[in-house]
Amino acid sequence: MEIRQCGTSGLRVSAVGLGALTWGRDTEAPEACDMLARFVEAGGTFVEVSPLDGDGRALDVLGSALARVGRHRTVVAMRGASRRLDSGSWTSSGARGDMLRSLDDALARLDIDEVDLWLASFDPAVPLEETLGALEAAHRSGRAHYIGLNGFGLWDAARAITLLDDVADVRPAVVQVPYSLLTAKDSSELVTRARRLGMGVIAQSPLAGGVLTGKYRHSTPPDSRAASPHLRALVDPHLRSGPRALVEGVARAAEGLDRSALDLALSWVRDSSAVTSALIGPRTLRQLEVNLESGEAIPAPIRSVLDEIAGL
């Protein structure tokens, strides 16, 4: 698997990244460990996790998996931070105290001294300066080698980059945004500007929650994300009439190339000049194997048609 540099920074990640969204909840620990071992065996290095993934259990599962494959073979990214609500449940937070506590807790549970990348998730309830201050403190202390932004819109990302330049003299190495044939148009301006500033781009949900695989063209599979109470929200926005027409176009193009829709959609993102790494989130080892089978570049004429379909 190709290893790519994140913009002008020294951070290097695999062209496909492995997300731990379902680990510890929908993916049992032994299978998750097998998945990371297989991913590393295939040349993958980039692994991403949030304190909220797997209902909070993904960090412990990833810690076990890292012990098995070897920390030195991975590039570990943590996305966001969490805080406990009065109800006892957990939610995302951009508050300084919550962020630094979450980072220290994650390091302890992963049994590592630092993460390679810490992505701050945008929190409209907290001053941006406070969120960025936590990033800067972690970077200065060595607990996070590189920092990045997750879920930021164009305006807030521009403010964050400016503030970090002016106050902390450190620039985010990457931005992480939803980027697929269904969502690339909405993210294109932020992606273009980030690249011009020397930042890498992590493409989140390159298969649009599985919608671009074509599995929802005729029905909702009972074991799919759309049938899951806690994952359905990731899929619903992509099941409307407009996206369905695009999915049909991708399916027809894939049939013409004798490839699967999944293969075509993932290859389109992975091989985009704007993308550093395409972050996948398979739930099973078999799903991971299918994702890893995607390899052949899309012929230029077909890619041009797909670009038009995506609105680029």
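Residues numbered from 1 in each chain as written. Predicted model: local features only at pLDDT ≥ 70, side-chain atom pairs only at ≥ 80, totals over all residues. Heavy atoms only, no water.

1. Brief notes about the pattern of salt bridges
- This structure, assessed with the given rule, holds 22 salt bridges.
- The salt bridge involving arginine 25 is made with aspartate 26; its shortest N-O contact spans 2.8 Å.
- For aspartate 26, a relative accessible area of 28% gives the class partly exposed.
- It is possible to trace a salt-bridge network through shared partners that takes in Arg25, Asp26 and Asp55. (Salt bridge = Lys/Arg side-chain N within 4 Å of Asp/Glu carboxyl O. Buried < 20%, exposed > 50% of the residue type's maximum accessible area, 1.4 Å probe, protein only.)

2. Points about the environment of phenylalanine 122
- With respect to the helices, strands and loops of the structure, phenylalanine 122 is situated in the loop between strand E8 (115-121) and helix H4 (128-141).
- Through-space distance from the C-alpha of phenylalanine 122 to that of alanine 254 is 36 Å; in sequence the pair is 132 residues apart.
- When sequence neighbours within four positions are dropped, the list of residues in contact with phenylalanine 122 reads Asn150, Gly151, Phe152 and Asp156. (Helix = DSSP H or I, 4+ residues; strand = E, 2+ residues; numbered from the N terminus. Contact = heavy atoms within 4.5 Å.)

3. A few points about the layout of surface pockets
- In this model, the second largest pocket occupies a volume close to 240 Å³.
- Along the walls of the second largest pocket sit Pro51, Leu52, Asp55, Gly56, Ser82, Ser89, Trp90, Asp98, Arg101, Ser102, Asp105 and Arg109, which together make up its complete lining.
- Looking at which element gives the most residues to the lining of the second largest pocket, the answer is helix H3 (residues 96-110), with five residues.
- Residues belonging to the lining of the second largest pocket are distributed by class as follows: three nonpolar, four polar and five charged. (1 Å grid on protein atoms, 1.4 Å probe; cavity = no way out; pocket = protein on both sides within 12 Å on 5 of 7 lines; lining within 4 Å. Points joined across faces, edges and corners; volume = space filled by probe spheres on them. Nonpolar A, V, L, I, M, F, W, Y, C, P; charged D, E, K, R; others polar.)

4. What about the confidence of the model for the protein chain?
- For the protein chain, the mean per-residue pLDDT works out to 89, and 90% of the residues sit at or above 70.
- Across residues 224-228, confidence stays below pLDDT 50; counting only partners more than four residues off in sequence or on other chains, it has 18 contacts. (pLDDT = per-residue confidence, 0-100.)

5. Focus on the sheet that holds strand E9 (residues 144-150)
- Taken in spatial order, the eight strands line up as E3-E4-E5-E8-E9-E10-E11-E12 and close into a barrel, and their pairing is parallel. Within the sheet, the average angular offset between the axes of one strand and its neighbour, ignoring direction, is 25 degrees.
- Strands in contact with helix H9 (residues 261-270) are strand E3 (16-19), strand E11 (200-204) and strand E12 (277-280); relative to E12, the strand with the most contacts, it is inclined by about 140 degrees. (Pairing = 2+ DSSP bridges. Axes fitted to C-alpha atoms, helices over the stretch in contact; angles between N-to-C directions.)

6. A look at the pairing of E8
- Here E8 lies mainly inside the structure; seven of its seven residues are buried.
- Sheet analysis places strand E5 (residues 75-79) next to E8, joined by three bridges and oriented parallel. Its bridge partner being in E8, methionine 78 is matched across the sheet by tryptophan 118.
- The sheet contact formed by E8 and E9 spans six bridges and is parallel. For alanine 120, the partnering residue across the bridge sits in E9 and is leucine 149.
- In this region the chain leaves E8, passes through H4 and returns to the parallel neighbour E9; the handedness of that crossover is right-handed. (Right-handed = clockwise from strand over helix to strand, strands pointing away.)

7. Some remarks on the environment of glycine 295
- Mapped onto the elements of the fold, glycine 295 is located in the loop between helix H10 (285-292) and helix H11 (300-310).
- Through-space distance from the C-alpha of glycine 295 to that of leucine 264 is 9.4 Å; in sequence the pair is 31 residues apart.

8. Considering the packing of H3 against H4
- Put simply, H3 and H4 touch, their axes get as near as 8 Å, and they point 30 degrees apart. Of the possible angle classes, the one that applies to H3 and H4 is roughly parallel. For the pair H3 and H4, the crossing hand works out as right-handed. Residue-level contacts link Arg96, Met99, Leu100 and Leu103 of H3 to Glu130, Thr131, Gly133, Ala134, Leu135, Ala137 and Ala138 of H4.
- Grouping the constituent residues of the contact of H3 with H4 by class yields seven nonpolar, two polar and two charged. (Parallel < 35°, antiparallel > 145°, perpendicular 65-115°, else oblique. Left-handed = near helix turned anticlockwise from the far one by under 90°.)

9. Here's the deal with the pairing of E3
- Side chains Val16 and Leu18 project from E3 onto one buried face, and the interleaved Gly17 and Gly19 project onto a second face that is buried too.
- Where E3 and E12 come together, three bridges link them in parallel fashion. Opposite glycine 17, over in E12, you have leucine 279 as the bridge partner.
- Two strands pair when backbone bridges link them, and E3 and strand E4 (residues 46-49) are joined in this way by two bridges, in the parallel orientation. Looking at the pairing, glycine 19 lines up with glutamate 48 of E4.

10. Quick notes on the packing of helix H1 (residues 29-41) against H10
- Relative orientation of the contacting elements H1 and H10 amounts to 20 degrees, with a least axis distance of 9 Å. In this view, H1 runs roughly parallel relative to H10, as classed from their interaxial angle. Here the hand of the crossing between H1 and H10 comes out right-handed. Where H1 approaches H10, its residues Glu31, Asp34, Met35, Arg38 and Phe39 are matched on the opposing element by Leu285, Leu288, Glu289 and Leu292.
- Looking at side-chain class alone, the contact of H1 with H10 contains five nonpolar, no polar and four charged residues.

11. What to know about the nonpolar core
- With 81 residues, the main nonpolar core has Trp23, Leu36, Trp118 and Tyr179 as its most contacted residues.
- Not counting residues up to four positions away in its chain, the partners in contact with tryptophan 118 are Met78, Gly80, Met99, Leu100, Leu103, Ala134, Leu135, Ala138, Ala144, Tyr146, Ile147 and Gly148.
- Counting residues in hydrophobic clusters, the runner-up holds twelve residues, among them Val13, Val75, Ala77 and Leu279. (Core = buried A, V, L, I, M, F, W, Y, C linked by side-chain atoms within 4.5 Å.)

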